[in-house]
Amino acid sequence: MAAQGLVGMSVAIAKNGTILYSQGYGYADLSTCQTVQPATIFQIGSVTKQFTAAAVLQLQNAGKLNIDDTVVSYLGSYAFDSRITLRMLLNQTSGLQDFHTFPDASSWINGVPEATVLSQIAAASLLFTPGSAYSYSNSNYFVLGSVIETVSGMSYSDYMAANIFQPVGLSSTTYARPAVSASPYNSSHGPGQISDPSYNFASGAMWSNVEDLATWDAELRNGKVIPVPLFTVMVTPANAPNFPQGGASSYAMGWVKGTVVGHPFVWHNGETLSYTAFNSVFLDDGFSVSLLTNVAVTEDVPFFNVADQIIQGICTTSATAGSC
């Protein structure tokens, strides 16, 4: 924490949703000296994407959409390329430019109409032929949020609350910032900034705590959110090269897949203006590690490294390796 200039951090280490260790470190609010607890809520940024992906697959299971349908078949009033499918959005192989890079994006942080962002995403030139490569783009999951709304007839926020959070028992997970949460800070420990939820929307607006993330990992893996065969689809990377550098993509649907200490492993990080998140789970036995902090940790020193040190420390030490 000292090395990264963090103000507060929480961690949960669990197996199949049973907490093995959870702890808060540092401060949720410096002005009141309120300490971080395992129940402290933080913004989770792009960890939101796995919730959005699960909702789309849930709607597929209900027969309300098909991930191999085109985007224009659901969002016909926008000029999306007719080759782009929902599966491409999920796998980040659509070629859509990331709206965070658009000239107008900085003016959207305090609130933006959904239609404005969708129109600009659809109008921007593609990075590559849809389906031919992988490139991480928040636009993919922003668009998926709109598809969820169109298909369900509910706002994204209401759909997630009614069909994801409440049935799984995620009482501390919300779309909008809750009344009580860790305060935002910058790397100098000054006040941080929080964007309006409309800005990141289904690509990164959610809030949660490490306890809920441990529950989420277990319930998702065990078929309580979507059937196990669909979860297998969710954690299977697309067969596409990284753009533009080449090499096989390891991105699945809201998860990145790899191997750690001999276990098949999926993870995703998240970074907003003032928060960083990391969520991960072993696919074979449900061992999970979740981390949250109220400072944005830059991509130069990914929060992944912290989680990796925790996993390596536990799983390669004889006294604790049985937990893995």
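All of the points below concern the structure found in this document.

What counts and how
Sequence positions are assigned chain by chain, starting from 1 and proceeding in written order. Since the coordinates come from a predicted model, pLDDT governs what is reported: local features require at least 70, and pairs of side-chain atoms require 80 or more to be given and counted, while whole-chain, interface and lining totals use all residues. By convention in this description, side-chain values take in all heavy atoms of the structure and omit both hydrogens and water. In this analysis a 1.4 Å probe is tested at points of a 1 Å grid over the protein atoms alone, and where it fits but cannot get out there is a cavity; an open set with protein on both sides within 12 Å along at least five of seven lines is a pocket; lining residues have an atom within 4 Å of a point. Grid points are joined across faces, edges and corners, and a volume is the space filled by probe spheres set on the points. Runs of H or I in DSSP of at least four residues are treated as helices and runs of E of at least two as strands, each being numbered from the N terminus. Residues were grouped as follows: Ala, Val, Leu, Ile, Met, Phe, Trp, Tyr, Cys and Pro as nonpolar; Asp, Glu, Lys and Arg as charged; and all remaining residues, including Gly, as polar. By definition here, a salt bridge exists when the distance from a side-chain nitrogen of Lys or Arg to a carboxyl oxygen of Asp or Glu is within 4 Å. Working definition: with a 1.4 Å probe on protein chains only, accessible area under 20% of the residue-type maximum means buried, over 50% means exposed, and in between means partly exposed. Think of a nonpolar core as a cluster: buried Ala, Val, Leu, Ile, Met, Phe, Trp, Tyr and Cys residues, connected wherever their side-chain atoms sit within 4.5 Å. Contacts are residue-level and defined by heavy atoms, with any inter-residue pair within 4.5 Å sufficient. Aromatic contacts are taken between Phe, Tyr and Trp rings whose centres are within 6.5 Å, Trp giving its six-membered ring; a plane angle under 30 degrees counts as stacked, one over 60 as edge-to-face, and the others as tilted. To get an axis, fit a line to the C-alpha atoms, keeping to the stretch in contact for a helix; angles then go from 0 to 180 degrees between the N-to-C directions. Crossing handedness follows the turn of the near helix against the far one: under a right angle anticlockwise gives a left-handed crossing, and clockwise gives a right-handed one. Should DSSP find at least two bridges between two strands, the strands are taken to pair. By this rule, a helix spans an expected 1.5 Å times one less than how many residues it contains. The directions from the helix axis to the C-beta atoms form the arc being described.

### Topic: the layout of surface pockets
Part 1 of the argument: Here the largest pocket defines a volume of roughly 290 Å³.
Part 2 of the argument: Together, 19 residues line the largest pocket, and Ser-46, His-100, Asn-138, Glu-271 and Thr-272 are the ones closest to its centre.
Part 3 of the argument: It is strand E7 (residues 263-271) that provides the largest number of residues to the lining of the largest pocket, a total of four residues.
Part 4 of the argument: A per-class count over the lining of the largest pocket returns four nonpolar, twelve polar and three charged.
Part 5 of the argument: Empty space within the second largest pocket amounts to approximately 170 Å³.
Part 6 of the argument: Residues that form the lining of the second largest pocket fall into these classes: nine nonpolar, three polar and no charged.

### With respect to the pattern of salt bridges
Part 1 of the argument: The tally for this structure, following the rule as stated, stands at four salt bridges.
Part 2 of the argument: Across the pair Asp-68 and Arg-87 runs a salt bridge whose closest N-O atoms are separated by 2.7 Å. Taken as a pair, Asp-68 in the loop between helix H1 (48-61) and helix H2 (86-91) and Arg-87 in helix H2 lie far apart in primary sequence, 19 residues in all.
Part 3 of the argument: Assessed through its relative accessible area of 30%, Arg-87 is described here as partly exposed.
Part 4 of the argument: A salt bridge links Asp-81 to Arg-83; its shortest N-O distance comes to 2.8 Å.
Part 5 of the argument: Given a relative accessible area of 45%, Arg-83 falls into the partly exposed group.

### Considerations on the side chain of Ser-249
Part 1 of the argument: For Ser-249, the location among the structural elements is in the loop between helix H8 (228-234) and strand E6 (256-260).
Part 2 of the argument: Taking the relative accessible area as the measure of exposure, Ser-249 reaches 7% and is therefore buried.

### With respect to the nonpolar core
Part 1 of the argument: Counting 102 residues, the largest nonpolar core has Phe-51, Phe-80, Val-143 and Met-234 as its most contacted members.
Part 2 of the argument: Not counting residues up to four positions away in its chain, the partners in contact with Val-143 are Val-71, Leu-75, Phe-80, Leu-89, Leu-96, Leu-118 and Ile-121.

### A short note on the packing of aromatic side chains
Part 1 of the argument: One pass over the structure, following the stated rule, counts 20 aromatic pairs.
Part 2 of the argument: Relative to Phe-282, the ring of Phe-265 lies with its centre 5.9 Å away and its plane at 80°, an arrangement referred to as edge-to-face. You can see Phe-265 sitting in strand E7 and its partner Phe-282 sitting in strand E8 (residues 276-282), a full 17 residues away along the chain.
Part 3 of the argument: Through a chain of ring-to-ring contacts, the aromatic side chains of Phe-99, Trp-108, Phe-142, Tyr-156, Tyr-175, Tyr-199 and Phe-201 assemble into a single cluster.

### What about the packing of H1 against helix H7 (residues 210-221)?
Part 1 of the argument: As a packed pair, H1 and H7 sit with axes 12 Å apart at the nearest point and diverge in direction by 35°. Crossing of H1 against H7: the hand is left-handed. Here Gln-50, Phe-51 and Ala-54 of H1 come into contact with H7, specifically with Leu-213, Trp-216, Asp-217 and Leu-220.
Part 2 of the argument: Looking at side-chain class alone, the contact of H1 with H7 contains five nonpolar, one polar and one charged residues.

### Quick notes on the sheet that holds E6
Part 1 of the argument: Ordered by their spatial adjacency, seven strands build an open sheet running E3-E2-E1-E9-E8-E7-E6, and the pairing between neighbours is antiparallel. The open sheet has two edge strands with one neighbour each: strand E3 (34-35) and E6.
Part 2 of the argument: Judged from the six bridges that link them, E8 and strand E9 (residues 287-293) form a sheet pairing that is antiparallel. Bridging across to E9, Asn-279 finds its partner in Ser-290.

### Quick look at the environment of Ala-179
Part 1 of the argument: Secondary-structure assignment places Ala-179 in the loop between helix H5 (156-168) and helix H6 (197-200).
Part 2 of the argument: Classification of Ala-179 by relative accessible area gives exposed; the value is 86%.
Part 3 of the argument: Taking the C-alpha atoms as reference points, Ala-179 and Ala-79, separated by 100 residues in sequence, lie 38 Å from one another.

### Observations concerning helix H9 (residues 304-315)
Part 1 of the argument: Taking 1.5 Å of rise per residue, twelve residues should cover 16 Å, and H9 covers 16 Å from first to last C-alpha, within 8% of that figure.
Part 2 of the argument: Those residues of H9 lying buried are Ala-307, Ile-311, Ile-314 and Cys-315. Take H9 and look down its axis: the buried residues cluster within an arc of 85°, on one side only.
Part 3 of the argument: Of the surrounding elements, those touching the buried residues of H9 are strand E1 (8-15), E6, E7, E8 and E9.

### Points about H1
Part 1 of the argument: In this model, H1 (14 residues) spans 20 Å end to end at C-alpha, consistent with the 20 Å of a helix rising 1.5 Å per residue.
Part 2 of the argument: With twelve of 14 residues buried, H1 is to be regarded as a mostly interior element.
Part 3 of the argument: Looking only at H1, the buried set comprises Thr-48, Lys-49, Gln-50, Phe-51, Thr-52, Ala-53, Ala-54, Ala-55, Val-56, Leu-57, Gln-58 and Leu-59.
Part 4 of the argument: At the exit of H1 stands Gly-63, carrying a positive phi of roughly 75°.

### Quick notes on the environment of Tyr-27
Part 1 of the argument: Positionally, Tyr-27 belongs in strand E2 (residues 18-29).
Part 2 of the argument: Taking the C-alpha atoms as reference points, Tyr-27 and Ser-10, separated by 17 residues in sequence, lie 9.9 Å from one another.
Part 3 of the argument: Residue contacts for Tyr-27: discarding those within four places in its chain leaves Val-7, Gly-8, Cys-33, Gln-34, Thr-35, Val-36 and Asn-294.

Taken by themselves, the reported measurements are silent on function.
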